[in-house]
Amino acid sequence: MTTPNISARRALGACAALLVGTLTLTACGGNADAKTDDGKGGQDSAAKTSTAKIAISAKDGSTGASINTTGVQVSGGKLTDVKMTVSGSGQAVAGTVSADGSTWKPKEQLERGTKYEISATAKDAEGLTAAANSIFTTVNSANSYIGTYTPDNGTTVGVGMPVSFDFDKVITDRKAVQSHITVTSSSGQQVMGHWFGSQRLDFRPQDYWKAGSKVTMKIDLDGVEGANGVYGVQKKTVTFTVGRSQVSTVDANTQTMTVMRDGKLLKSVPVSTGSPEHTTYNGQMVISEKFTQTRMNSQTVGLGGEYDIPDVPHAMRLTTSGTFIHGNYWYNKSNPPFGQQGTSHGCVGMADVQGAQGDTTAKWFYDNSLVGDVVIVKNSPDKTVQPDNGLNGWNLSWSEWTAGSAA
């Protein structure tokens with residue numbers, strides 16, 4: 001998962017203005033030949049002005065400049081020097097001039113709520129110089145929003161992986177925001193967005209992604225007003241690959257998980273689901289995170305002090321509320337529950353050893369699973385998992401899904 005920038009799910013830009021006035025340095029020339037016929041004064045010198053016109057995208061004095069699109073352009077000449085610094089500290093901001101000398105851009109995304117200075121010079125075909133300057137402040141966090149998204153660029157995911165955005169501000173104009181995010185697949189599948197409340201927007205096709213397809217997400221939120229006076233700061237393209245198709249079905253009646261790979265049986269795995277007191281959710285769940293080892297504490301999921309295990313092996317998250325499919329090394333060795341009975345607090349457990357080492361059932365499943373793979377639980381006495389509890393929107397019908405779109 002990426003947050004922008006950042007995990008999971010990683011961002012950014014804003015309500016910057018375009019344009020800038022130009023300052024020009026003149027090159028003086030000409031001659032002063034005395035007139036011989038009337039004895040009147042010499043000819044006036046003709047001051048030449050550079051034809052190079054510099055435009056800095058962040059207007060001088062602006063306080064909402066974009067962190068994505070700020071840069072320098074020139075027409076009628078070529079840039080010869082551009083300096084950008086953090087105002088006050090003088091820290092240099094690295095940037096590059098295009099091969100044809102017409103543009104300059106920072107190498108890295110700018111920081112929000114930061115004051116910068118740019119000075120630029122250019123020359124025209126005659127070598128005459130023009131100059132421009134701008135002191136501006138980028139959009140601040142109070143007046144901007146970011147969507148932390150998953151999956152991240154360049155990843156390979158399972159067929160159940162939705163595109164999911166979590167926004168750090170309440171979005172009131174959902175149509176404007178959704179219309180500036182497009183998700184397409186090389187498979188040609190129709191992809192629709194669905195809002196879970198005012199801060200989460202997911203995208204998925206009607207059925208699981210086609211194995212091997214390429215999915216492209218275009219984020220064009222820079223300057224898009226998502227709420228009154230609150231603007232987006234993200235502008236980027238993200239692509240990811242859908243791997244092989246793997247869907248595993250856990251039957252709580254038989255305490256067995258059937259792993260299907262590309263429509264064929266890969267393996268049947270004995271498991272232990274939730275106990276009668278702590279049942280496992282039914283429904284389609286998507287692996288959203290993988291941990292070789294992780295700590296599990298019952299108090300973090302609203303229970304008492306039933307357990308606190310610092311090194312649960314081969315753990316893969318299925319819900320935000322704390323449902324995992326994971327290895328279990330603390331089971332009763334004289335009476336293993338796997339394939340026999342449900343003994344967990346709602347998770348799906350498999351035989352494992354402490355330290356996440358060794359040739360175990362849990363390690364095999366972990367090694368053969370991708371984030372985005374689907375795990376279906378059926379025949380549990382519990383209810384179906386809520387579609388927004390994790391990346392589990394597949395539990396909505398297509399008509400229910402499309403009804404939640406703002407487009």
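To be clear, the structure that these remarks concern was listed above.
Now for a quick tour of the structure. Every value quoted in this text rests on a predicted model; they were computed, and no experiment measured them. (Residues numbered from 1 in each chain as written. Predicted model: local features only at pLDDT ≥ 70, side-chain atom pairs only at ≥ 80, totals over all residues. Heavy atoms only, no water.)

## Things to note about unusual backbone geometry
Residues Thr150 and Pro151 are joined by a peptide bond in cis, for which omega reads 5°. Structurally, the position occupied by Pro151 is in the loop between β12 (147-150) and β13 (156-157). One non-glycine residue, Ala356, lies in positive phi territory at about 60°. Mapped onto the elements of the fold, Ala356 is located in the loop between β29 (348-351) and α2 (361-367). (Helix = DSSP H or I, 4+ residues; strand = E, 2+ residues; numbered from the N terminus.)

## Overview of the sheet that holds strand β5 (residues 72-75)
Pairing between the strands of a sheet comes from backbone hydrogen bonds, and it takes one of two forms, parallel or antiparallel. The strand order across the open sheet built from 4 strands is β4-β5-β8-β7, with neighbouring strands paired in antiparallel fashion. Of all strands in the sheet, those bounded by a partner on one side alone are β4 (53-56) and β7 (95-97). Averaged over neighbouring strand pairs, the angle between their axes works out to 15° when direction is ignored. Relative to β5, β4 is paired through 4 bridges, and the arrangement is antiparallel. Within β5, the residue paired with Lys53 across the bridge is Ser75. (Pairing = 2+ DSSP bridges. Axes fitted to C-alpha atoms, helices over the stretch in contact; angles between N-to-C directions.)

## Description of the packing of aromatic side chains
Inspection of every chain in the model, using the stated rule, returns 11 aromatic pairs. Among the aromatic side chains, those forming a connected cluster through ring pairs are Tyr145, Tyr149, Phe165, Phe167 and Trp195. Residue placement shows Lys290 over the ring face of Tyr366; its charged tip is 4.2 Å from the ring centre. Directly above the aromatic system of Tyr331 lies the positively charged group of Lys333, at a separation of 4.2 Å from the ring centroid. (Phe/Tyr/Trp six-rings, centres within 6.5 Å; stacked < 30°, edge-to-face > 60°. Lys NZ or Arg CZ within 6 Å of the ring centre and 35° of its normal.)

## Here's the deal with the pairing of strand β9 (residues 115-123)
Covered by surrounding structure in β9 are Tyr116, Ile118, Ala120 and Ala122 only, the residues Lys115, Glu117, Ser119, Thr121 and Lys123 on the alternate face being uncovered. Taken together, the 9 bridges between β9 and strand β10 (residues 129-137) define a ladder with antiparallel strand orientation. Paired with Ser119 across the bridge in β10 is Asn133. Hairpin geometry of β9 and β10 is characterised by an intervening segment of 5 residues between the two adjacent antiparallel strands and by a positive phi of about 85° at Gly127. (Buried < 20%, exposed > 50% of the residue type's maximum accessible area, 1.4 Å probe, protein only.)

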